[in-house]
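Residue-level structural notes
The lines below spell out each chain.
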Amino acid sequence: MSDTRTFVLNGAEVSCRILQEMGFENGQLVEISLNYFAQADDGTVYYFGETVDIYKNGSIKSHEGSWLVGGPTRASDPPKTANAPAPTVFMPAHPQVGDSFKQENLFPIVDETDQVIAVGQTVTVEAGRFENTIQILESSRLDPTTETKWYAPGVGVVKSAASDENLELISSTLRSP
């Protein structure tokens, strides 16, 4: 998906790229989310929110976890979308081991703290071999479990590991530079 959406921040318009994610369990669609990102001139990637459709038996059952900078502004936005006052840092421009940042910071709707635990890693998954990945440890006040994720430049998450599941990217239209 190469669409964009414009948000207003401090009176200025910010154009965000839209990343669509789809989640499946046992072959059944369970979630579609549209995530909104903008990259600053220094390279930092900011997260302007997400709209979430949670599915059960093929029908949308909720929009739990939906939040947007400025709240819902389009007719297609879920009406109970939380209003975030500002974007969050999704990825620092030059992540270093030990860096900590909050990708999601609207407790108790969404909450995520990320810490860089390794840089320059090579990860191979079904979608291919990705070099110079960044390994992140993710935690949340909403859930006591942690998750480790590997991010590839220009692609995003290519692998994640938690106590109850392991996920790997199987295909992408994006490629690492």
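A brief report on the enclosed structure follows. (Residues numbered from 1 in each chain as written. Predicted model: local features only at pLDDT ≥ 70, side-chain atom pairs only at ≥ 80, totals over all residues. Heavy atoms only, no water.)

What follows deals with the environment of Arg129. Relative to the assigned elements, Arg129 resides in strand β11 (residues 128-140). Once the C-alpha coordinates of Arg129 and Val158 are considered, the two residues, 29 residues apart in sequence, prove to be 9.5 Å apart. Here Glu131 takes part through its side chain, which lies 3.3 Å from a polar atom of the side chain of Arg129. (Helix = DSSP H or I, 4+ residues; strand = E, 2+ residues; numbered from the N terminus. Polar contact = N/O pair within 3.5 Å; in protein donor to acceptor, adjacent residues only side chain to side chain.)

This next bit is on the packing of aromatic side chains. For the coordinates displayed, the defined rule picks out seven aromatic pairs. With a centroid separation of 5.6 Å and 65 degrees between ring planes, the pair formed by Phe7 and Tyr36 is classed as edge-to-face. In this pair, Phe7 is assigned in strand β1 (residues 4-9) and Tyr36 in strand β3 (residues 28-39), connecting sequence segments 29 residues apart. Each of the two residues, Phe7 as well as Tyr36, counts as buried. Measuring from centroid to centroid gives 5.3 Å for Tyr47 and Phe90, while their planes differ by 75 degrees, and the two rings are edge-to-face. With a gap of 43 residues between them, Tyr47 in strand β4 (residues 45-56) and Phe90 in strand β8 (residues 88-91) connect regions that are remote in the sequence. No difference in accessibility class separates Tyr47 from Phe90, as the two residues are buried. Taken together through their ring pairs, the aromatic side chains of Phe37, Tyr47, Trp67, Phe90 and Tyr151 make up a single cluster. Note that Arg5 overlies the ring of Tyr36, its terminal NZ or CZ placed 5.3 Å from the centroid. (Phe/Tyr/Trp six-rings, centres within 6.5 Å; stacked < 30°, edge-to-face > 60°. Buried < 20%, exposed > 50% of the residue type's maximum accessible area, 1.4 Å probe, protein only. Lys NZ or Arg CZ within 6 Å of the ring centre and 35° of its normal.)

In this section: a negative patch on the surface. Side chains of Glu25, Asp143, Asp164 and Glu165 sit close together on the surface and give a patch of like negative charge. As for its placement among the helices and strands, Asp164 is situated in the loop between β13 (156-162) and β14 (166-168). (Patch = residues over 30% accessible without salt bridge, like charges linked within 9 Å, V, L, I, M, F, W, Y side chains within 5 Å. Areas by Shrake-Rupley, 256 points an atom, 1.4 Å probe, with all protein chains shown as cover. Salt bridge = Lys/Arg side-chain N within 4 Å of Asp/Glu carboxyl O. Lys, Arg positive; Asp, Glu negative; His and termini not counted. Charge placed at Lys NZ, Arg CZ, Asp CG, Glu CD.)

Turning our attention to the sheet that holds strand β12 (residues 143-152). With respect to topology, six strands assemble into an open sheet ordered β9-β10-β11-β12-β13-β14, the strand pairing being antiparallel. Among the strands making up the open sheet, the edge pair consists of β9 (100-106) and β14. Pairwise comparison of adjacent strand axes, ignoring direction, gives a mean angle of 30 degrees for this sheet. Where strand β10 (residues 110-125) and β11 come together, nine bridges link them in antiparallel fashion. (Pairing = 2+ DSSP bridges. Axes fitted to C-alpha atoms, helices over the stretch in contact; angles between N-to-C directions.)

On to the pattern of salt bridges. Summed over the entire model, instances satisfying the criterion amount to five salt bridges. With its nearest N and O atoms 3.0 Å apart, the salt bridge here joins Lys102 to Asp111.

Any functional reading would require information beyond the geometric quantities listed.
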